[in-house]
Amino acid sequence: MDKKIGYYLGRKNMNQFADIDFHDFIDMVQSGLADEEIARELGISGNYVKKLKNEMTIRY
């Protein structure tokens, strides 16, 4: 059975999200920091910050 590239990309993205302290992320969002500033502080891309924000608003 061949694995698709999405499987590997998904695993890579999950590992990147696993390294984030979500309490720090929430504090940064609530304090009003821009997406770029949050991304720089956490060492992730701005697109991931936007995805996390969207996921949090959908679920919580």
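The coordinates are above.
Keep in mind it's a predicted model, so treat the numbers as computed, not measured.

Caption draft 1: Fine view of the overall build of the protein. From N to C terminus, the protein includes four helices and zero strands. Counting helices and strands in the order they occur from the N terminus, the protein gives α-α-α-α. Long-range contacts, defined as pairs at least 24 residues apart, comprise 52% of the intrachain contacts of the protein with a sequence gap of at least 6. With the model as given, the accessible surface of the protein reaches about 5,000 Å², and the carbon-plus-sulfur share is 52%.

Caption draft 2: Structural detail: the pattern of salt bridges. Taken as a whole and judged by the stated rule, the model has one salt bridge. One salt bridge connects Lys53 with Asp35, and the closest N-O pair in it is separated by 2.6 Å. In this pair, Lys53 sits in helix α4 (residues 46-59) while Asp35 sits in helix α3 (residues 35-42), placing the two residues 18 residues apart along the sequence. Assessed through its relative accessible area of 17%, Asp35 is described here as buried.

Caption draft 3: Spatial organisation of the packing of helix α2 (residues 22-30) against α3. For the pair α2 and α3, the least separation of the axes is 10 Å and the interaxial angle reads 155°. It follows that α2 is roughly antiparallel to α3 by the angle criterion. Like other packed secondary-structure pairs, α2 and α3 cross with a definite hand, here right-handed. Across the interface between the two elements, Phe25, Met28 and Val29 from α2 touch Ile38, Glu41 and Leu42 from α3.

Caption draft 4: The environment of Ile20, seen in detail. Topologically, Ile20 is positioned in the loop between α1 (5-18) and α2. For Ile20, a relative accessible area of 8% translates into the label buried. Once residues within four sequence positions are removed from consideration, Ile20 is found in contact with Phe25, Leu42, Ile44 and Leu52.

Caption draft 5: Quick peek at the side chain of Asp35. There is a polar contact of 2.6 Å between the side chain of Asp35 and the side chain of Lys53. With near-sequence residues (within four places) excluded, Asp35 lies in contact with Val49, Lys50 and Lys53.

Caption draft 6: Representation of the nonpolar core within the structure. With nine residues, the main nonpolar core is built from Ile20, Phe25, Met28, Ile38, Ala39, Ile44, Tyr48, Val49 and Leu52. Mapped by element, the contributors of at least two residues to this core are α2, α3 and α4. Here this core takes three residues from α4, the largest share from any one element.

Thresholds, definitions, all that
Residues numbered from 1 in each chain as written. Predicted model: local features only at pLDDT ≥ 70, side-chain atom pairs only at ≥ 80, totals over all residues. Heavy atoms only, no water. Helix = DSSP H or I, 4+ residues; strand = E, 2+ residues; numbered from the N terminus. Contact = heavy atoms within 4.5 Å. Areas by Shrake-Rupley, 256 points an atom, 1.4 Å probe, with all protein chains shown as cover. Salt bridge = Lys/Arg side-chain N within 4 Å of Asp/Glu carboxyl O. Buried < 20%, exposed > 50% of the residue type's maximum accessible area, 1.4 Å probe, protein only. Axes fitted to C-alpha atoms, helices over the stretch in contact; angles between N-to-C directions. Parallel < 35°, antiparallel > 145°, perpendicular 65-115°, else oblique. Left-handed = near helix turned anticlockwise from the far one by under 90°. Polar contact = N/O pair within 3.5 Å; in protein donor to acceptor, adjacent residues only side chain to side chain. Core = buried A, V, L, I, M, F, W, Y, C linked by side-chain atoms within 4.5 Å.

Nothing here speaks to function; it is geometry throughout.
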